[in-house]
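# Observations on the model geometry
This is what each chain is made of:
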Amino acid sequence: MVTAAQQSESGMDGARTFPRDFLWGSATASYQIEGAAAEDGRTPSIWDTYARTPGRVRNGDTGDIATDHYHRWREDVALMADLGLGAYRFSLAWPRIQPTGRGPAVQKGLDFYRRLVDDLLAKGIKPVATLYHWDLPQELEDGGGWPERVTAERFAEYAALAADALGDRVTTWTTLNEPWCSAFLGYGSGVHAPGRTDPVAALRAAHHLNLAHGMAVEALRDRLPTGGQCSVTLNIHHVRPLTDDPADADAVRRIDALANRVFTGPMLQGEYPEDLLKDTAALTDWSFVRDGDLRQINQPLDFLGVNYYTPTLVSEAGSTGSHTSDGHGNSSHSPWPAADKVAFHQPPGDTTAMGWAVDPTGLYDLLRRLASDFPRLPLVITENGAAFDDYAGPDGQVNDPGRIAYLRGHLAAVHQAIADGADVRGYFLWSLLDNFEWAHGYSKRFGTVYVDYPTGTRIPKASARWYSEVARTGVLPGA
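Nothing here was measured: the structure is a model prediction, and the numbers come from that model.

Bringing the confidence of the model for the protein chain into the picture now. Of all residues in the protein chain, 96% attain a pLDDT of 70 or more, and the chain-wide mean is 95. For the stretch residues 1-7, pLDDT sits under 50, and the model shows 10 contacts to residues farther than four places along the chain or on other chains.

What follows covers the pattern of salt bridges. With the rule as written, the count across this model stands at 35 salt bridges. Of the charged contacts, one joins E139 and R102 as a salt bridge, the two residues approaching to 3.3 Å between their closest N and O atoms. Linking E139 in helix α7 (residues 138-142) with R102 in the loop between α5 (94-97) and α6 (107-122), this pair joins segments that are 37 residues apart in sequence. Of the charged contacts, one joins R403 and D390 as a salt bridge, the two residues approaching to 2.9 Å between their closest N and O atoms. Linking R403 in helix α15 (residues 401-419) with D390 in the loop between β12 (379-383) and α15, this pair joins segments that are 13 residues apart in sequence. Each of the two residues, R403 as well as D390, counts as buried.

Once that is clear, we can look at α15. The end-to-end C-alpha distance of α15, which contains 19 residues, comes to 27 Å, matching closely the 27 Å that a straight helix rising 1.5 Å per residue would cover. Looking only at α15, the buried set comprises R403, I404, Y406, L407, H410, L411, A412, A413, V414, H415, A417 and I418. A positive backbone phi angle near 110 degrees is found at G421, which sits one or two residues after α15.

Conventions we followed
- Residues numbered from 1 in each chain as written.
- Predicted model: local features only at pLDDT ≥ 70, side-chain atom pairs only at ≥ 80, totals over all residues.
- Heavy atoms only, no water.
- pLDDT = per-residue confidence, 0-100.
- Contact = heavy atoms within 4.5 Å.
- Salt bridge = Lys/Arg side-chain N within 4 Å of Asp/Glu carboxyl O.
- Helix = DSSP H or I, 4+ residues; strand = E, 2+ residues; numbered from the N terminus.
- Buried < 20%, exposed > 50% of the residue type's maximum accessible area, 1.4 Å probe, protein only.
- Expected span 1.5 Å × (residues − 1).

This is the structure:
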């Protein structure tokens, strides 16, 4: 049998060939692109409320219109087909399908996704659906949100509705996207919706997101046909020490527990790390974890989705570094409960428009670690990309050499990880379109397709054509 590593070869000219069945795609999220915020029964999500609160989002931007994908989806699917994408990862908007977070589904909301999926399939593009990319129905937040157990129970019901409606069309499902952001940026530092700043609520939210994942996998497995796949997407932080001082190594351990193992522990191993429980004991006794929760969370998965953009550099808190400037947004409140003795530092090297260091070695090291820690679990890169200050030139074209260089470097890291034994099955570029970049509003452009926001016009950037060639051929050209 030919292994993925054997198929993943480098040519004499420096070109790298990926495995023949490697999945090439692009990704988006519902609130960032759909718009139509009050159409066809959709009610506000926590991001609608957060964005409409003065001072929360740059320039007062909201997702009310976004890229108007709700009305322009045919154009966007045609773009994907033109670019030769093999797959499209998108998220369902919970308040579009189940506006109050409880009760029957709204058929007009489901019909939008049915039409989208049918068109994807007709054009040979594999749909990959994410159940939750941060747009919690506001009514559920009013009832306590993710810190409360009932939200996990409601999520399982929503997962069942989505699977019943789309399970005959969509065979690959992701429960949650980056639950770390939902829990710790939403309820800890407050730089994401719903904007709360309570470290105990953040830890409670993390557990109930874990529980929601487990319950949703059970609901999906009960409804999907044979061959249906279930996964979760985590933004695994690749944490490095500033120096070789043992105190900095302990800072890495502490942040790794809060960023990564708080999710991989229960989801993939059926337990919370003992050091995490000890580190946070002064805040909570974790009594919100009930008997049977960990067993329910620890569901078999078909693959693990991995989001990576940049490494995290930490040290023991001292005269340098910052307790809160960790690249996730500025706040006087930390998203790192009980980690006040940890400082964050800017990694060296070039940066993107987000101020994030460009470092493909972090992705390679991360994939190798995951392959070692969970050797029987396939991996898929579900987000990787970069924001740059793109603009349309006088000729109407958008040239973005920085993004091409970023993608080339990170795809080379993926290729090397495969060659060295990591079972990586696919790559989804973030993002298909420029879009609403959360608290940054429309000031940051991650897309390989430029969006002129006043008109909605789409212009494929140079990086879109470059990535299209890689996706069509499975060959990463040399520099």
